[in-house]
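Listed below are the residues making up each chain.
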Amino acid sequence: MRRLAKRGVYDKAEVYAILDEGFICHVGFAIDGQPYVIPTGYARLGDEIFLHGSAASRMLRALGDGIDVCVTVTLVDGFVLSRSAFHHSMNYRSVVMLGRARVLTDPSEKMTAMRCFTNHILPDRWEEVRTPSDQELKSTLVLALPLEEVSAKVRQGPPVEDEQDIDRPTWAGVVPLRGQLGEPVPMDDVPAGVPPLDISRFTRF
């Protein structure tokens, strides 16, 4: 990390905490000289992240062939408002992962990855639902990207102010940005007696 190196994060636990808090990553790759950046869901287990989708997915099939990939995750924590336009910024945490993915072909390994995807959204959800059938597993392509070449960057705190701007009569500071859950909307056909969803289970909120 060369630009703003002081924002670099090198602690594995902190890097993995950022990945575990996020839901969407952006997958960058090139095919025949044409670059693509695709948003998709992900999940982490140990020192790998999983990507999945339809077995017909061009992106996943290309990545499964072993081309270079760049995957990024970004969390925005707040808007940083300065007395000068130049010093406006955002507080954020981001991770960049480089490497080559491998296709999960072992059914038990794919099932483990699917469990990770499900429980990444809602902890312990896997234990409540029907697990994927053989046909569903067959129609799903799952990739694992080893977390070997990884960098993280974090910006936090108030704006940087130039001394000549301090007396300017303009509000300056940080506006925190937090994710918030809405009221769950049940399906019309949920059987009678099924308890409502306890949203406190979404521990990241």
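Calculation criteria
Residues numbered from 1 in each chain as written. Predicted model: local features only at pLDDT ≥ 70, side-chain atom pairs only at ≥ 80, totals over all residues. Heavy atoms only, no water. Core = buried A, V, L, I, M, F, W, Y, C linked by side-chain atoms within 4.5 Å. Buried < 20%, exposed > 50% of the residue type's maximum accessible area, 1.4 Å probe, protein only. Helix = DSSP H or I, 4+ residues; strand = E, 2+ residues; numbered from the N terminus. Contact = heavy atoms within 4.5 Å. Phe/Tyr/Trp six-rings, centres within 6.5 Å; stacked < 30°, edge-to-face > 60°. Arc of directions from axis to C-beta.

What about the nonpolar core?
Next, step 1: Formed by 29 residues in total, the largest nonpolar core has its most connected members in Leu-19, Val-27, Leu-63, Val-71 and Met-97.
Next, step 2: When residues of this core are traced back to their parent elements, those giving at least two are helix 1 (12-21), strand 2 (24-31), strand 5 (48-54), helix 2 (58-64), strand 6 (69-81), strand 7 (89-99), strand 9 (140-146) and strand 10 (149-155).
Next, step 3: Beyond its immediate sequence surroundings of up to four residues, Val-27 is in contact with Tyr-36, Val-37, Ile-38, Thr-40, Leu-51, Met-59, Leu-63, Val-69, Cys-70 and Val-71.
Next, step 4: Counting 11 residues, the second-largest nonpolar core is a separate cluster that includes Ala-113, Cys-116, Phe-117 and Trp-126.

What to know about the packing of aromatic side chains
Next, step 1: Tallied over the full model, the rule gives two aromatic pairs.
Next, step 2: Ring centres of Phe-29 and Tyr-36 lie 5.4 Å apart, and the angle between their planes is 20 degrees; on these two criteria the pair is classed as stacked.
Next, step 3: On the accessibility criterion, Tyr-36 (25% relative accessible area) is partly exposed.

Structural notes on unusual backbone geometry
Next, step 1: Here the phi dihedral of Asp-32 falls at roughly 55 degrees; this positive angle occurs in a residue that is not glycine.
Next, step 2: One can find Asp-32 in the loop between strand 2 and strand 3 (34-41).
Next, step 3: Backbone geometry at Asp-124 places phi at a positive 70 degrees, although glycine is not the residue there.
Next, step 4: For Asp-124, the location among the structural elements is in the loop between helix 3 (107-121) and helix 4 (134-138).

Things to note about helix 1
Next, step 1: For helix 1, every residue scored as buried is listed here: Val-15, Tyr-16, Ile-18 and Leu-19. Down the axis, helix 1 shows its buried residues gathered within 150 degrees of arc, on one side only.

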